[in-house]
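Residue-level listing of the chains:
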Amino acid sequence: MNCDVIQDLMLLYTDGCCSDESKTLVEEHLKGCEVCRKALAEMNAEAPVTKETGAKEAAFPRINSWKASLLQSVLLYVSFALLVFGVAREAASPEGVTNGLWALAIIVPVAGFLLSLANWYFIRLYPSKKVFSACSLLVTAAFILLGYVWAIFHYRSTLLNLFNGSALSTGLLILGCVLVVALCVASKLFSDRYALLLGKE
């Protein structure tokens, strides 16, 4: 039989997927053909490496998907913890000068970041990792901005107190600015990592 035909059958033969007739044909041909025996030996030598590589490639997406979920979960829990802290501090502040300062410094930026994490569920709609991380940054900034627009109407009197020169108001003003910048940068960096873990190029 033609060696080309036998070598085509050898792929099925090495995988154990050929019929008994084909198996007999291959084995009969191998008895008298040195070239095909060498080809079979090479196939057998390569097969374990290919299977092992395939197993590793199959395992990495599962591991990376798990890491991506873990990253998203950690960010959700940390954001929620910060939000609870901000709400507790705001609830403990008396009516008057300090009322609303904790909301402006912590609650608004953290709530904006927390809401922006919903965008991560739509990662498959984005064409690339770069576009996804840029949009994540913009979505975070947009939610924080919307939060401050709401705060302007809700805490009109408190906004004047931000500039009253007290240590608390100055500290919270600085904290709020730092937190906004930190959360926008975190959104960009972590969304980039998240996209990388899920194989987005």
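Quick notes on the rules
Residues numbered from 1 in each chain as written. Predicted model: local features only at pLDDT ≥ 70, side-chain atom pairs only at ≥ 80, totals over all residues. Heavy atoms only, no water. Helix = DSSP H or I, 4+ residues; strand = E, 2+ residues; numbered from the N terminus. Buried < 20%, exposed > 50% of the residue type's maximum accessible area, 1.4 Å probe, protein only. Contact = heavy atoms within 4.5 Å. Areas by Shrake-Rupley, 256 points an atom, 1.4 Å probe, with all protein chains shown as cover. Expected span 1.5 Å × (residues − 1). Bend = angle between axes of the 7 residues up to and from the residue. Patch = residues over 30% accessible without salt bridge, like charges linked within 9 Å, V, L, I, M, F, W, Y side chains within 5 Å. Salt bridge = Lys/Arg side-chain N within 4 Å of Asp/Glu carboxyl O. Core = buried A, V, L, I, M, F, W, Y, C linked by side-chain atoms within 4.5 Å. pLDDT = per-residue confidence, 0-100.

Student: Looking at this model, I keep getting lost on the overall build of the chain. Mind explaining?
Tutor: Across its full length, the chain holds seven helices and zero strands. Listing the helices and strands of the chain from first to last along the sequence gives α-α-α-α-α-α-α. Out of the 201 residues belonging to the chain, those deemed buried represent 33%. Considering only contacts within the chain whose residues lie at least 6 apart along the sequence, 74% involve residues at least 24 apart. Carbon and sulfur atoms provide 68% of the accessible area of the chain, an area that totals close to 12,400 Å².

Student: Mind showing me how you'd approach helix H4 (residues 101-116) here?
Tutor: Given 3.6 residues per turn, any residue in an α-helix points the same way as the ones three and four places further on. If you check H4, its first and last C-alpha atoms are 23 Å apart, about what 16 residues at 1.5 Å a residue would give, namely 22 Å. Considering bend angle alone, the principal kink of H4 is centred on Ile 107 and spans about 35°; proline Pro 109 follows within four residues of it. Within H4, 13 of the 16 residues are buried, which leaves the element mostly enclosed by the surrounding structure.

Student: Help me understand a nonpolar patch on the surface in this model?
Tutor: The grouping of Trp 66, Leu 70, Val 74, Val 78 and Leu 82 at the surface amounts to a nonpolar patch, some 460 Å² of accessible area in total. On the secondary structure map, Trp 66 appears in helix H3 (residues 34-92).

Student: Would you mind going over the pattern of salt bridges with me for this structure?
Tutor: Where charged atoms from two side chains of opposite charge come close, those side chains can pair. Here the structure, examined in full by the defined rule, presents three salt bridges. Across the pair Glu 28 and Lys 31 runs a salt bridge, and its minimum N-O distance is 3.4 Å. Taken together, the positions of Glu 28 and Lys 31, both in helix H2 (residues 20-32) and three residues apart, correspond to about one turn of that helix. Among the residues examined, Glu 28 registers a relative accessible area of 48% and is labelled partly exposed. Exposure remark for Lys 31: the relative accessible area of 62% places this residue in the exposed category. In this structure, the salt-bridge partner of Asp 192 is Lys 129, at a minimum N-O distance of 4.0 Å. Here Asp 192, found in helix H7 (residues 167-197), pairs with Lys 129, found in helix H5 (residues 129-154); they are 63 residues apart in sequence, far enough to count as distant.

Student: Just to check I follow, could you spell out the nonpolar core for this structure?
Tutor: Soluble globular proteins tend to pack their nonpolar side chains together in the buried interior. Grouped together as the largest cluster of nonpolar side chains are 27 residues, with contacts concentrated most on Leu 75, Ile 106, Val 110, Trp 120, Phe 132 and Tyr 194. Going through the elements one at a time, H3, H4, H5 and H7 are the ones with two or more residues in this core. When near neighbours in sequence (up to four residues on either side) are disregarded, Trp 120 contacts Gln 72, Leu 75, Phe 132, Ser 136, Ser 187, Phe 190, Ser 191 and Tyr 194. Counting nine residues, the second-largest nonpolar core is a separate cluster that includes Leu 9, Cys 33, Cys 36 and Ala 39.

Student: I keep staring at the confidence of the model for the chain and nothing clicks. Help me out?
Tutor: Predicted coordinates in regions of low pLDDT should not be interpreted in detail. Model confidence for the chain is summarised by a mean pLDDT of 81, while 82% of its residues fall at 70 or above. Between the elements of the chain, mean pLDDT differs from a low of 63, seen in helix H6 (residues 156-161), to a high of 91, seen in H5. Of the regions scoring below 50 in pLDDT, residues 47-60 engages in zero contacts with residues more than four places distant in sequence or in other chains.

Student: What's the story with the environment of Val 5 in this structure? I'm lost.
Tutor: Counting through the fold element by element, Val 5 comes out in helix H1 (residues 3-15). Taking C-alpha positions, Val 5 is 9.3 Å from Val 26, a pair spaced 21 residues apart along the chain.

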